[in-house]
Every structure is written in structure tokens, then in C-alpha cells.
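Per-entry structural report
As a plain string of letters, each chain reads:
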Amino acid sequence: MVIRQMLPNLMPMFIAWFSEYMIIQAVITTLAFSNAPFRPRDHYQYYIFVFLGGEVVGRSYLVTLSYIKDEWAEKAKFPYLWVLSIIEVSHLLFFILAAWFRFLPNVWIVLVLSFTGGATIGVLFVNALAFFSDTFEGRYQEFAMGYVVVAMGGGTFTAALVGLVTEPLLRRHCAILLNSDDYCFTRSKARERIMSHCPAKQH
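The sections below set out a description of the structure shown in this document. (Residues numbered from 1 in each chain as written. Predicted model: local features only at pLDDT ≥ 70, side-chain atom pairs only at ≥ 80, totals over all residues. Heavy atoms only, no water.)

Regarding helix H4 (residues 81-101)
An α-helix turns once per 3.6 residues; consequently, residues spaced three or four apart project the same way. Test applied: Secondary structure follows DSSP: runs of H or I at least 4 residues long count as helices, runs of E at least 2 residues long count as strands, and numbering of each begins at the N terminus. Given a helix with a known number of residues, its expected span is that number minus one, times 1.5 Å. Whether two residues are in contact is decided by their heavy atoms, any of which lying within 4.5 Å being enough.
Given a rise of 1.5 Å per residue, 21 residues ought to cover 30 Å, and the 30 Å separating the end C-alpha atoms of H4 matches this to within 8%. Contact partners of the buried residues in H4: helix H1 (2-27), helix H2 (43-68), helix H5 (107-135) and helix H6 (138-178). Of the residues one or two after H4, Arg102 is the one with positive phi, at around 55°.

Below, the structure is given as C-alpha cells:
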């Protein structure tokens, strides 16, 4: 009964978490820029740092407002989870287009949108918990709060599966478009360079 009541609001959470993990694990991993102030292999660290920084800000905005004035936190609740989910999906679609067509002039737009994408998912998380906490009472509330993570985990798992196909596709297309893969992947080359500088083991 509780799951049936939760389902309409679990779906936007599933979609938002799917979008988040597609962004950070399969799409922005293929976006590097030759005019960036850091090496291609360092792009991903900056992306993740900024994205998670935005998520921290989003998750903490209600508690921050409550320290100032309790009424502000109550008024700042945003129960329209679908709106936040659509915003996160919009981030994903933009990043996919940017990775496919390579129309962005520099890395700063990606960093700004990484922050807003992280903030959006953070705001969604805290408002989803507040929404389900206010919707149910007693043992139903306890069950609902525990079941929220199913939608989040389901979205993450689905993104992992889809990302196995999406990331290599975007990387191959980028390499064809740029005639090189130097700016098409922001993770694996770090290990390759480290290993290439290791001295040979003496026997």
C-alpha cells in the first residue's frame, strides 16, 4: 500500500539519479578541452569535485535556513519532485549533445553546469526525504523513508548498465570528430602515465 502511494514520486527520483550517474560516469568523462588550464586527464577530478560540491550545497540548504529561522526552512521546501527531475534530465541531455557535437568553447561551462547539476540532485534528495516524511506517519513513515533508497539505487544501477554502452560510443565519435582521442577521455590515461614512469623492477 505504501509503495503504491510512493510510486508516482519515486519515479522522478529514479530518473534523476539515473541522469546524475550517467552525467558523472559516462558523459562528462568524454569531455576534455585543449584550452583548459589543466591536463586532459585532470578534467574528471575537477568535474567530480565541483559536482559533489554542488550536491553538498543542495543537500544542506534546508538545514542552513533552519539555523537562521525555522519558518524559512519550512517555506523553502519544494515538494515538486518532477520539476527537479526534469532539470537534472535537462543537464544530462545538454552534456550528451555537448559530448557528441563538441560545440562548447571551453571547460568553464561544463564546470558551472556540473555545479548546478549537483545542486539540483542535492535539493531533490533533501526535499524527497522531507516530502515522504510529511506524507506518512508512524510505521508507514519508517517504511517509506527506508524505501526511498530503492529508487536511488535503481537509477544508479540502470545508469551503470547504460553507461557501459554510452561512454565508449561518445568516445569513439569524439575521436572520429577530432581525428584524435587526446581530448575524448578524462580518466584512464592517468594510470597509463603513472605506470609508464615507473622504473623497471630490478631482479
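With respect to the packing of aromatic side chains
Threshold: Stacked, tilted and edge-to-face are the three classes assigned to paired rings of Phe, Tyr and Trp, where Trp is represented by its six-membered ring and a pair needs centres within 6.5 Å; plane angles under 30 degrees give stacked, over 60 edge-to-face, the rest tilted. Buried, partly exposed and exposed residues are distinguished by accessible area as a fraction of the type maximum, computed with a 1.4 Å probe on protein chains only: under 20%, between the cut-offs, and over 50%, respectively. By the criterion adopted, a ring carries a charge over it if an Arg CZ or a Lys NZ lies within 6 Å of its centre and within 35 degrees of its normal.
For the structure shown, the criterion picks out 7 aromatic pairs. With a centroid separation of 6.2 Å and 70° between ring planes, the pair formed by Phe94 and Phe95 is classed as edge-to-face. Overall, the relative accessible area of 29% leaves Phe94 in the partly exposed class. Using a relative accessible area of 0% as the deciding quantity, one classes Phe95 as buried. Geometrically, the ring pair formed by Phe131 and Phe132 is edge-to-face, given 5.3 Å between the ring centres and 75° between the ring planes. Owing to a relative accessible area of 21%, Phe131 belongs among the partly exposed residues under this scheme. Ring pairing ties together the aromatic residues Phe94, Phe95 and Phe103, which thus form one cluster. Sitting above the plane of the Phe125 ring, Arg59 keeps its charged end 3.8 Å from the centroid. Sitting over the ring of Tyr44, Arg187 keeps its end group 5.3 Å from the ring centre.

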